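Fold and geometry: a report
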Amino acid sequence: MKKFLSILLVFSIMVTMIIPSLAATTISTQAAHLQELGFSQEFLESITDEDVNYLYEKSQAYTLRYEGETSAFLYTDDVSTYGTIPRADMKLNVYPISTLNRDGYTYKEIDIYITYDWTTGHPAMRREDGVSVNWDASLFYTSESTFKSTDRAYFIDTLIDSKTTPDASALAQGGLGYNINFPRVGMGEDDLQLKYTFSGTASFTLYPTDTMYAGNNKGTSINVEYCHSKTPIAGSVQFGYKGVSVSISPPLMYDSVASNCVIKYGEYADV
């Protein structure tokens, strides 16, 4: 009996030690830790809990650097009804997140996150849009297994559907392309249609082709283009290849917007 009580006591102590440890790794706590590292709240709210956990775990093993964001805006109308400057219908964001090796001054990899947010009630045409991403193939390569894309639909503020695509639509040595697949929503009255909101996130990892030092005396651009199909009957965004890059083949009617982010690096350790 004494042996059983001793085992029970040890087990109870272990449980009391484990519970605080588990509480310390909740998603909200992980997100708070990433914010302390400089991650923006907007970015953390645009990714999944799985992504938050992935970045948190990396921050425990490596030096993780949030490199900020670049944004571009898509306008689907030239002028408003009253001739004033129109409000943007979609915001495109690019977020590079660098991971340094344990030495603290060479790049291990760079995660690229791309998000889009349409204003409520847009777009009117929801066929397959497309996004192309291109980089310097002499500096980086990617693995298709790291790619993931998720498209979401909200009614007012409630998530009603999401679609996750594990594969890129096009892949080359220096670029990739993927389609935006808008979740289907109800075909109700016009005033109900104006309450739907569409957004999405895609991510993949770039790896240096050779030793790449963190620094500021050189830079390379990751270029992103979003193409929105406005063709009413048929006409999705397709992809083509230009050398080692992926290009967009737009339908007859479309709007597009481009953005980029710059990765700074050096010829030697400079951190």
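A brief report on the enclosed structure follows. Every value quoted in this text rests on a predicted model; they were computed, and no experiment measured them.

Looking now at the nonpolar core. If you look at the biggest cluster of nonpolar residues, it comprises 39 residues, and the most contacted ones within it are Ile-112, Val-133, Tyr-178, Phe-204 and Tyr-226. Mapped onto this core, the elements with two or more residues apiece are strand E2 (70-74), strand E3 (90-100), strand E4 (107-118), strand E5 (129-134), strand E10 (175-180), strand E11 (196-208), strand E12 (213-229) and strand E15 (254-266). With six residues, E4 is the single largest residue contributor to this core. Setting aside its immediate chain neighbours within four residues, Val-133 contacts Ile-114, Gly-174, Gly-175, Leu-176, Tyr-178, Phe-204, Ile-222, Asn-223 and Val-224. Grouped together as the second largest cluster of nonpolar side chains are 13 residues, Val-52, Tyr-66, Tyr-95 and Tyr-113 included.

Looking now at helix H2 (residues 27-36). For H2, the set of buried residues is Gln-30, Ala-31 and Leu-34. Projected down its long axis, H2 carries its buried residues within an arc of 100 degrees, all on one side. Exposed side chains of H2 directed beyond 90 degrees from the buried face belong to Ser-28 and Glu-36. Looking at the buried residues of H2, the elements they touch are helix H3 (41-46), helix H4 (49-61) and strand E1 (63-66). Within two residues after H2, Gly-38 carries a phi angle of roughly 110 degrees, on the positive side.

What counts as what
Residues numbered from 1 in each chain as written. Predicted model: local features only at pLDDT ≥ 70, side-chain atom pairs only at ≥ 80, totals over all residues. Heavy atoms only, no water. Core = buried A, V, L, I, M, F, W, Y, C linked by side-chain atoms within 4.5 Å. Buried < 20%, exposed > 50% of the residue type's maximum accessible area, 1.4 Å probe, protein only. Helix = DSSP H or I, 4+ residues; strand = E, 2+ residues; numbered from the N terminus. Contact = heavy atoms within 4.5 Å. Arc of directions from axis to C-beta.

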